[in-house]
Amino acid sequence: MKKYVYAKLNLDEIDDRYLDVDTRSAEVNHALTSTDPATLVQHGLRRARGKLPGGYTPVGIAVSPEAAAVIDSLPKRTSFSALVQWILRPQRGRG
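For clarity, every value in this text was computed on a predicted model and none was experimentally measured. (Residues numbered from 1 in each chain as written. Predicted model: local features only at pLDDT ≥ 70, side-chain atom pairs only at ≥ 80, totals over all residues. Heavy atoms only, no water.)

## Quick look at the overall build of the chain
Operational definition: Only DSSP runs of H or I covering at least 4 residues are called helices, and only runs of E covering at least 2 are called strands; the numbering of each starts at the N terminus. Think of it in three bands: with a 1.4 Å probe and only protein chains considered, a residue is buried below 20% of the maximum accessible area for its type, exposed above 50%, and partly exposed in between. The contact criterion used is simple: two residues touch if any of their non-hydrogen atoms lie within 4.5 Å. In this description, accessible areas are obtained by the Shrake-Rupley approach with a 1.4 Å probe, and a residue is regarded as covered only by the protein chains that are shown.
On a plain count of helices and strands, the chain comes out with 4 helices and 2 strands. Out of the 95 residues in the chain, the part that is buried amounts to 45%. Within the chain, contacts between residues at least 6 apart in sequence are counted, and of these 90% link residues at least 24 apart. Roughly 5700 Å² of accessible area belongs to the chain as shown, and the carbon and sulfur atoms make up 52% of that amount.

Below you can see the structure in the form of structure tokens.
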């Protein structure tokens, strides 16, 4: 069973292929389960502080139980929205 979570994203800064909900969810699930936790935390903390500027849209993402477990294991101060924005940006380097 999949869980749906919402991230506030700047849609102008994500790769066009991820505008499709299924493609977006598949990429987020893959990245969450295959990227080392320290990298996820690093990118999830970048926007965890402060108030977001305008222009961010709530976007639904279906996450697998495995990806949900990764999300739950991250520090509470980690911004899921910042993490997803990093995952879906064009030409993201994994690592």
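## Thoughts on the nonpolar core
Note the following rule: Residues grouped as a nonpolar core are buried Ala, Val, Leu, Ile, Met, Phe, Trp, Tyr and Cys residues, joined through side-chain atoms within 4.5 Å.
By size, the foremost hydrophobic cluster in this structure holds 23 residues, and its most contacted members are Leu32, Ile61, Val84, Ile87 and Leu88. Listing elements by their share of this core, those giving two or more residues are strand S1 (3-9), helix H1 (21-34), helix H2 (37-44), strand S2 (57-63), helix H3 (65-73) and helix H4 (80-88). The element best represented in this core is H4, accounting for 6 residues. Each residue touching Ile61, except ones within four places of it in the same chain, is listed here: Lys3, Tyr4, Val5, Ala7, Arg24, Ser25, Val28, Phe80 and Val84.

## What to know about H4
Among the 9 residues that make up H4, 9 are buried, leaving the element largely enclosed by the rest of the structure. Along H4, the positions that sit buried rather than exposed are Phe80, Ser81, Ala82, Leu83, Val84, Gln85, Trp86, Ile87 and Leu88.

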